[in-house]
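Understanding the architecture of this molecule
Residues per chain are reported as follows:
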Amino acid sequence: MIKVSEGAKKKIAALMTEEGYDSVQDFVRVGVKSGGCSGLSYELKFDKAKAEDDKLFEDNNVKIVVDKRSVLYLAGTILEYSGGLNGKGFVFNNPNAQRTCGCGESFSL
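Below or above, wherever it landed, is the structure these notes cover. (Residues numbered from 1 in each chain as written. Predicted model: local features only at pLDDT ≥ 70, side-chain atom pairs only at ≥ 80, totals over all residues. Heavy atoms only, no water.)

Some points on the pairing of strand S5 (residues 62-66)
- Extensive coverage of S5 is indicated by the burial of four of its five residues.
- Judged from the three bridges that link them, strand S2 (residues 27-34) and S5 form a sheet pairing that is parallel. Among the inter-strand pairings, Arg-29 is bridged to a residue of S5, identified as Val-65.
- Summarising the sheet, strand S4 (residues 55-59) and S5 pair through five bridges and their orientation is antiparallel. Paired with Asp-59 across the strands is Val-62, a residue of S5.
- Counting the residues in the hairpin turn of S4 and S5 gives two residues, including Asn-60, whose phi is positive at 55°. (Buried < 20%, exposed > 50% of the residue type's maximum accessible area, 1.4 Å probe, protein only. Helix = DSSP H or I, 4+ residues; strand = E, 2+ residues; numbered from the N terminus. Pairing = 2+ DSSP bridges.)

This is the structure we're talking about:
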(Lines give C-alpha, C1' and ligand atoms only; values in the text may rest on other atoms or scores of the structure.)
Protein backbone atom coordinates (compact mmCIF):
# COMPACT_ATOMS: atom_id res chain seq x y z
CA MET A 1 0.00 0.00 0.00
CA ILE A 2 2.66 2.53 1.02
CA LYS A 3 6.23 1.91 -0.09
CA VAL A 4 9.27 3.27 1.77
CA SER A 5 12.46 4.16 -0.08
CA GLU A 6 15.86 3.24 1.34
CA GLY A 7 16.63 6.91 2.11
CA ALA A 8 13.34 7.36 3.97
CA LYS A 9 13.92 4.13 5.91
CA LYS A 10 17.31 5.34 7.16
CA LYS A 11 15.98 8.77 8.15
CA ILE A 12 12.93 7.27 9.88
CA ALA A 13 15.13 4.92 11.94
CA ALA A 14 17.42 7.80 12.96
CA LEU A 15 14.55 10.13 13.89
CA MET A 16 12.69 7.43 15.82
CA THR A 17 15.79 6.72 17.89
CA GLU A 18 16.34 10.44 18.54
CA GLU A 19 12.75 10.84 19.73
CA GLY A 20 12.73 7.77 21.98
CA TYR A 21 10.83 5.37 19.72
CA ASP A 22 11.84 1.83 18.84
CA SER A 23 11.99 1.44 15.05
CA VAL A 24 11.40 -2.33 15.40
CA GLN A 25 8.24 -2.14 17.54
CA ASP A 26 6.76 1.33 17.05
CA PHE A 27 5.01 2.76 14.00
CA VAL A 28 5.11 5.58 11.51
CA ARG A 29 1.60 7.04 11.38
CA VAL A 30 0.70 8.44 7.96
CA GLY A 31 -2.56 10.21 7.25
CA VAL A 32 -4.40 12.82 5.25
CA LYS A 33 -6.28 15.81 6.64
CA SER A 34 -8.17 18.74 5.18
CA GLY A 35 -6.03 21.80 4.66
CA GLY A 36 -3.07 23.12 2.76
CA CYS A 37 -3.11 25.20 -0.39
CA SER A 38 -4.38 22.30 -2.55
CA GLY A 39 -7.14 21.05 -0.24
CA LEU A 40 -5.58 18.02 1.47
CA SER A 41 -2.31 17.71 3.37
CA TYR A 42 -0.19 14.84 4.60
CA GLU A 43 0.44 13.94 8.22
CA LEU A 44 3.50 12.02 9.34
CA LYS A 45 4.37 11.21 12.96
CA PHE A 46 5.57 8.38 15.16
CA ASP A 47 3.23 6.34 17.34
CA LYS A 48 3.44 3.51 19.85
CA ALA A 49 -0.19 2.44 19.58
CA LYS A 50 -2.37 1.11 16.77
CA ALA A 51 -6.09 1.94 16.86
CA GLU A 52 -8.67 -0.74 16.11
CA ASP A 53 -9.60 0.71 12.70
CA ASP A 54 -6.00 1.45 11.61
CA LYS A 55 -4.54 -0.48 8.70
CA LEU A 56 -1.03 -1.81 9.27
CA PHE A 57 1.47 -2.03 6.41
CA GLU A 58 5.14 -2.90 6.41
CA ASP A 59 7.67 -2.11 3.72
CA ASN A 60 11.46 -2.06 3.85
CA ASN A 61 11.28 -3.03 7.57
CA VAL A 62 9.23 0.07 8.42
CA LYS A 63 5.85 -0.42 10.12
CA ILE A 64 3.26 2.07 8.89
CA VAL A 65 -0.22 2.63 10.29
CA VAL A 66 -2.86 4.49 8.33
CA ASP A 67 -6.28 5.49 9.64
CA LYS A 68 -9.23 4.01 7.79
CA ARG A 69 -10.25 7.34 6.22
CA SER A 70 -6.80 7.99 4.71
CA VAL A 71 -6.21 4.58 3.13
CA LEU A 72 -7.87 5.38 -0.22
CA TYR A 73 -6.00 8.68 -0.58
CA LEU A 74 -2.62 7.02 -0.01
CA ALA A 75 -2.89 3.78 -2.03
CA GLY A 76 0.31 3.30 -4.02
CA THR A 77 2.19 6.17 -2.39
CA ILE A 78 5.98 6.01 -2.08
CA LEU A 79 7.49 7.76 0.94
CA GLU A 80 10.91 9.16 0.09
CA TYR A 81 13.44 11.37 1.81
CA SER A 82 15.18 14.18 -0.02
CA GLY A 83 18.21 15.67 1.73
CA GLY A 84 20.98 17.98 0.59
CA LEU A 85 21.19 21.72 0.24
CA ASN A 86 17.74 22.16 -1.28
CA GLY A 87 16.22 19.03 0.25
CA LYS A 88 12.57 19.06 1.27
CA GLY A 89 12.70 16.29 3.87
CA PHE A 90 10.05 13.59 3.52
CA VAL A 91 8.33 13.53 0.14
CA PHE A 92 5.09 11.72 -0.70
CA ASN A 93 5.01 10.48 -4.29
CA ASN A 94 1.29 9.88 -4.53
CA PRO A 95 -0.09 8.51 -7.83
CA ASN A 96 -3.63 9.53 -6.76
CA ALA A 97 -2.81 13.24 -6.54
CA GLN A 98 -4.09 15.13 -9.56
CA ARG A 99 -2.65 18.43 -8.38
CA THR A 100 0.01 19.31 -5.82
CA CYS A 101 1.19 22.61 -4.43
CA GLY A 102 4.67 23.99 -4.99
CA CYS A 103 5.91 22.90 -1.57
CA GLY A 104 4.69 19.32 -2.08
CA GLU A 105 2.94 19.20 1.28
CA SER A 106 -0.63 19.32 0.00
CA PHE A 107 -2.59 17.83 -2.87
CA SER A 108 -6.01 17.36 -4.38
CA LEU A 109 -7.77 14.49 -6.11
